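Structural characterization, general
Letter by letter, the chains look like this.
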Amino acid sequence: MAYGPGAGVLALRDVDLDVAPGTAVGLVGESGSGKSTLALAALRFLPGDGRVVRGRVELGGVALDGLSSAALRDLWRRRVRLVPQDPLASLNPSLTVGRQVAEGLAGDPAGRDGEGTAGASPRGDRARDAVRALLASVGLADAARVAASYPHQLSGGMQQRVAIAMALGGAPELLVMDEPTTNLDVTTEATVLDLVRDLRERHGTAVLYVSHSLAVVARTCDRVAVLYAGELVEDAPVAELYRRPLHPYTRGLLDSLPRVGQDRRAEPLRPIEGRIPEAHARPPGCVFADRCPVAIERCHAERPALDDAAPGRRVRCHRWPEIAAGTLDPRRPAEPPARAHDALAPDGDAPALSVRSLSKRYPLARGAWAALRRRPARAVRALEDASLEVWRGRTLGLVGESGSGKSTLARCVVGLTVPTAGEVALAGARLAPRLEHRYRARLGELQMVFQNSGEALNPYLTVGESLARPLRRLAGARSGGEIEARVRSLLEAVHLPAAFAARVPGELSGGEQQRVAIARALATEPCVLVFDESVSGLDVSVQAGILDLLTRLQDERHGAYAFISHDLAVVAYLADDIAVMHLGRVVESGPASAVLRPPYHPYTEALLSAVPTLDPDGQAERVRLTGDAPSPVDLPPGCPFHTRCPRSLGELCEREAPPWRRDASGKTVACHIPLEELVTAQVPLFADAGDAGAGPAAEGAAP
Amino acid sequence: MTRFLARRLGYLLVTLLVTSLLIFLITQLLPGDVARVILGREASEPALQALRERLGLTRPAPVQYLTWLVAFLRGDWGTSFATEQAIRPLVLERLGNSLMLAGLTLAIAVPLAIALGVAAALRAGRWPDAVISVASLAVVGLPEFVTGLVLIEVFAFRLRWLPANASIAPEAGFLEALPMLILPALTATLVLLAYIARLTRASVLEELGRAYVRTAVLKGLPPRVVLVRHVLRNALLPTVTVVAISVGWLISGLIVVENVFNYPGLGRLLTFAIDRRDVPLLQAISLVAVLAFALANLVADVLYAVLNPRIRLG
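Residues numbered from 1 in each chain as written. Chains lettered and ligands numbered in written order. Predicted model: local features only at pLDDT ≥ 70, side-chain atom pairs only at ≥ 80, totals over all residues.

The next thing to look at is the overall build of chain B. Helix and strand counts for chain B stand at 14 helices and zero strands. When its helices and strands are written in sequence order, chain B yields α-α-α-α-α-α-α-α-α-α-α-α-α-α. Evaluated residue by residue, chain B yields a buried proportion of 35% over its 314 residues. The long-range share in chain B, meaning contacts at least 24 apart out of those at least 6 apart in sequence, stands at 70%. (Helix = DSSP H or I, 4+ residues; strand = E, 2+ residues; numbered from the N terminus. Buried ≥ 20, exposed ≤ 12 C-beta atoms within 10 Å, placed from the backbone. Contact = placed C-beta atoms within 7 Å.)

Structure (C-alpha cells):
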C-alpha cells in the first residue's frame, strides 16, 4: 500500500501486512514512522487530504476499495473498530458513557440510548442490558453507574476501558488499537494489556496494535512489524524479533531501551544517531541508511527489497544475510565505558539536597455552612511527611503513579510551590520555602529541567539568548565575549553544534529542545538538578541519547540529580537510589539495587510487576492492583495503600499507620509486614536486578 | 448546582446595587439645572427654588440616593419631569414592546445564523464558506440606519409588502403588531447575524477536528447523527452564551433601529429622557436595562452549566 495526501508526499510506501483472526500484530515505530496513518488506513479512514495512491485493504479476503459511503459506514459499524489513543478526548464530553457505548452497538444503525430511556421500549431495554454487559466484560465493576457517568467523571483507566467496550460493541473482526495505554499509569496499563490479551483469546478478534513501545508490544502481540519512515523494515514473530533482530533499526530500538538491572556505566544504552527523514525528503536508497551504523555504499544507492528471511520473517535490508549468519554486528559501537566511578561513595559530609518531612496540603473551599459549624477544612494531601536525601555524584530516582506527589515534591524543592510543612536544605543549609525569599546567589545551585521543554523554552528567544540569561543573571557573566564562549561550551556539553545558538526552539526536534533545556539548567553549574519527567514523551532512541548524556554529565560534573519519572525501567537504569511514592508519601527508599530486589513494599512490588519487559515469555508471577487509588482528600485511616494492597493483613493495616522497617541492604520500607516475611513471600521480578557488576548480557540474548 | 445558582444570584444583586449607585451619581453629574429645564428660561429664582425643594433636590446626595432606591424597590419609580406621568407603567409598557421585538429578532436571527455558520463550517475553505463569510461581514459593517433605510425603501416603498412605520399602538396584540415588527427585527437581525454565524462556524470547525468526532464516525453513525448529536451539542455551547447575552442588547440597545422605525421601545424612550433631561425617567430606564443585561448574563451562565456536564457535575 502506498498512501499520501494529494500534494504528493507519500506517508506510507509499499507496506503490506496481514493480521490473522485471533492474533495480534504489533506495529511499532517512532514518531514520524507512519504507524498511525497505517492504522487508520487499515480502517479505510483517511484524513481530509489523504488518499490511497496505490494498494488496497482486504478484510476476510475481500477488497475494501471503492466502497460507497453507506457501505463504509456498515464496515465501521460491524466489522472494524478503532480503540483510540487518548480516551478522554475520544469520548464526547457531553454525552453519558452509556449512550456513547449504545450508539456503537452493531445491531442498531441509529444508535439508541443505553440509559435514560429505561423501560421506554423493549429495544431500549435490550440496548441498556447490552451496554452493561459490555462494560462489565472489560472489567468495569459497577457497570450501571459507569453507564450513567460522563467521561470526565471516570479515571483514565476506566475511560480507556469504556473506549474498548465501545469498540467491542461492534463485535468487530479487526480491532485497531492506536497507543491505547500511552497516557496511562504503568499499573493501569498492565491491567489494560491483560484485558486486550484476554479479549483476543475469547472473541477471536484480529488485533492491530500500534505502539511506540517495544516492551508493550512484547506483552500483547504475536508478531511485530517495525515501521520506519513510512516503510515496513522488519516483520517477525515477537520472540524471534527480540532474540535475533535482523534489521539494524530494530537492533537500534532494542538497544535504546533500558532494562531493569542494566548498569548505566558498564553497559550504556546505544541511541540511534540522527533523525528520521521527513516524508518528502526520503533518501533514494534505504530509508535508514543515513542513521545505520553498518550502511555501505549500496545502501545509499539502492533501495532494498522486503526479503523473506525465514518462514514468517521479512526484512528490508541489504545486509540481513550477514546479520543472520552472525558475521556482522549491526550495533553501533558502544561509547567506551565511562571512567571508573565509585557510585556508592558519597562525597562531602552533608547531602547535596535534603528534604525533611515535607508536606503540602491544598485546602478545599469550605461552604459557608461548614465554616459556621466550625467543621475542619478538608484538604488535598498532595505531599505528606516526605523525607529524602540526594548526594553529590548520585542520582535519586523518584517513582510512583500519577497523583503520588512526585511533581509536587519537585516544585517544593525548587521553590515554585510553598510547602505546608517541612524543610528543604542545600548542602546542609536550609532554603527559604519561597523562591523570592531565596538568595539569588544560591538560586543557581539548584536547577530544574521540565517535561515539555518545547513549552519551557521561550519560543521567541534564540537558544543562545535562552542560555545567556541564566549566565548573566545567576552566574555573574558580564562581557559579551565571555557569555558567547560559555554558551558555546554549554552547547558542546550537551552535544549540540555551536550553530544552534542562533536557532529558535521551534526549529529543533523534541530531543534537541530537551538538550537545550539541560544546557540551560547547567549554565549556573548547579550542584543539584531536578528532572521532572524530562525524558517522558521522547522517542526511545532520543531518550537513550539523553540518558547517556545525563550519565556522562554527572560523571564529569559530579552533580546530585533528583530524577522523577513514571517509567520504572528508566529510573532503574539511571538511579543510584530510588524512592517510591504513593499518595504523597514515600513508602520505600534505598539504594537502587536493594529497592529492585525483594523484600519489596507491596506497592513497589505491584509497580515493578506492571513494568512491561522485553522478554516475551519469561514474565514472573504478576501482582495486579485492582481499582483506583483512594482520593487524596479522604485518605483511609491506617496504611493509605491498604484498599488496594494484595498483601493486606486486614484490620491492622486498616487501623494503624505502618512502621518504617530497615534491612541490611540499607533500604527502608513502610509496611506492617516484617521484611523477613515479605522476602519469603515475594519472587524477584528481575533476574539480574541489582547484579550491576555482572557485566553485559550475553551477546544476542534476549535483553 | 443549587449552590452555583445561589452564588450567581448573589453576584446579580451586588451588580445591581453597584450600578444603581453609578446611575445615580452619573445623573447627578449631568449638566444643567433640572428645575430650569422644567420651568423654562424665564422662571424666577424663588419659583425655581420651590420646585427644587418639591423635587427633593436640595437634600444631601446620599439621602437622595437612598430615598430613590427604596422608593424604586417599593415600586414607586417616580413621576416623569417631562410628561408628569407615572414612570412605572410607561417603562413597563415600553419594556414589553422591546421584549416583543427582541423575541422576534432572536427567532429569525438565531436559526438563520446557526444554519449559515454550520453550512460554512462544513464547507470550510470552499466557495459557500467564502460567500457566507464575506456577505455576513459586509452586512455587519453597515450601520443600522443604512440597512434599516434600505429595507424600508425596498419592502415598504417599492414592494409595498410591509409598513415603514412601526409605531404600534399601546393596546395592540402581538399578531396585530407583527407586520410592523418585521422590518425592525430584520434590521436588528442583520447586526447579530454575522457575529453569531462566525462564532458558530469557528466552534463547529473546532469540534469537527476533535478526536471524539472521529470516534463517532468510526462507529458507522450517519453524518447527520454525527453532526447533530455529537458536534452541535458541543459546538453550540459558546453560541448559546452569546445569544443569551445579546438579549440584553436587544432590549435596551436598539436605539438607532427604534428611531429609524419610530418603534416605541425602551431605546427610544431613553433618547427621549436624555433629550428632556428627565432624570427620574433616565434612572428608571437605566436600571431596567442593567437588570435586563444582568439577567441575560445569568441565564447564559446557567444555560451553559446545564448544557455542559463538565461544569454541572464538576
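Here the narrative resumes, following the displayed structure.
Regarding its fold elements, chain A presents 26 helices and 24 strands. For chain A, buried positions account for 51% of its 703 residues. Sequence-distant contacts, at least 24 apart, represent 68% of the contacts inside chain A between residues at least 6 apart.

Another point: unusual backbone geometry. Residues and elements named next belong to chain A. Of note, the bond from Pro598 into Pro599 is cis; its omega dihedral lies within 30 degrees of zero at 0 degrees. Structurally, Pro599 is set in the loop between helix H23 (592-595) and helix H24 (602-610). Even without a glycine there, the phi angle at Asp385 is positive, about 55 degrees. Considering the arrangement of structural elements, one finds Asp385 in strand S14 (residues 379-390).

A word on the packing of helix H6 (residues 127-141) of chain B against helix H8 (residues 174-208) of chain B. Residues and elements named next belong to chain B. Remark: H6 packs on H8, axes separated minimally by 8 Å, with the N-to-C direction vectors making an angle of 140 degrees. The angle between H6 and H8 places the two elements in the oblique class. For the pair H6 and H8, the crossing hand works out as left-handed. In contact with Ile132, Ser136, Leu137, Val139 and Val140 of H6, H8 contributes Leu190, Val191, Leu193, Ala194, Tyr195, Ala197 and Arg198. For the contact of H6 with H8, the class distribution of residues is 10 nonpolar, one polar and one charged. (Axes fitted to C-alpha atoms, helices over the stretch in contact; angles between N-to-C directions. Parallel < 35°, antiparallel > 145°, perpendicular 65-115°, else oblique. Left-handed = near helix turned anticlockwise from the far one by under 90°. Nonpolar A, V, L, I, M, F, W, Y, C, P; charged D, E, K, R; others polar.)

Moving on: the pairing of strand S20 (residues 560-564) of chain A. Residues and elements named next belong to chain A. Here S20 lies mainly inside the structure; five of its five residues are buried. Judged from the five bridges that link them, strand S19 (residues 528-532) and S20 form a sheet pairing that is parallel. If you follow Asp532 over to S20, its bridge partner there is Ile564. Handedness of the S19-helix H21 (residues 540-557)-S20 crossover: right-handed. (Pairing = 2+ DSSP bridges. Right-handed = clockwise from strand over helix to strand, strands pointing away.)

Time to look at the nonpolar core. Counting residues in each nonpolar core, the largest one holds 262 residues, and the members touching the most others are A:Leu208, A:Ala562 and B:Ile285. Tallying contributions element by element places helix H5 (residues 87-122) of chain B first for this core, with 16 residues. By size, the runner-up hydrophobic cluster in this structure holds six residues, among which are A:Val315, A:Cys317, A:Trp320 and A:Ile323. (Core = buried A, V, L, I, M, F, W, Y, C linked by C-beta atoms within 7 Å.)

All names here are of chain B. Domain assignment breaks chain B into domain 1 (2-73) and domain 2 (87-312). The centre of domain 1, based on its C-alpha atoms, is set 32 Å off from the matching centre of domain 2. Facing the 17 residues of domain 1 at the interface are 13 residues of domain 2. (Domains from an automatic or database assignment.)

Attention shifts here to helix H2 (residues 69-78) of chain A. When H2(A) is considered as a whole, its buried residues turn out to be A:Leu75, A:Trp76 and A:Arg77. Buried-residue contacts for H2(A) involve strand S6 (80-83) of chain A.

With that settled, consider the sheet that holds strand S12 (residues 313-315) of chain A. All names here are of chain A. Here eight strands make up an open sheet; going across it, the order is S6-S7-S8-S2-S9-S10-S12-S11 and the pairing mixed. Two strands close off the open sheet at either side, each with one partner strand: S6 and strand S11 (307-310). Averaged over neighbouring strand pairs, the angle between their axes works out to 25 degrees when direction is ignored. As judged from the five bridges shared by strand S2 (residues 24-28) and strand S8 (residues 206-211), these two strands associate in the parallel manner. Residue Leu27 lies in a different strand from S8, and its bridge partner there is Val210.

Residues and elements named next belong to chain A. Read across the open sheet, the eight strands follow the order S18-S19-S20-S15-S21-S22-S24-S23; overall the sheet is mixed. The outermost strands of the open sheet, each flanked by one partner alone, are strand S18 (446-449) and strand S23 (660-662). Each strand of the sheet is rotated relative to its neighbour by a mean of 20 degrees, with strand direction disregarded. Inspection of the sheet shows strand S15 (residues 395-399) paired to S20 by four bridges, in the parallel sense. Across the sheet, the residue bridging to Leu396 is Ala562, located in S20. Of the strands in this sheet, S18 and S19 are in contact with helix H20 (residues 510-522), which crosses S18 at around 175 degrees. Sheet strands in contact with H24 are S15, strand S21 (577-582) and strand S22 (585-591), and its direction is about 100 degrees off that of S21.

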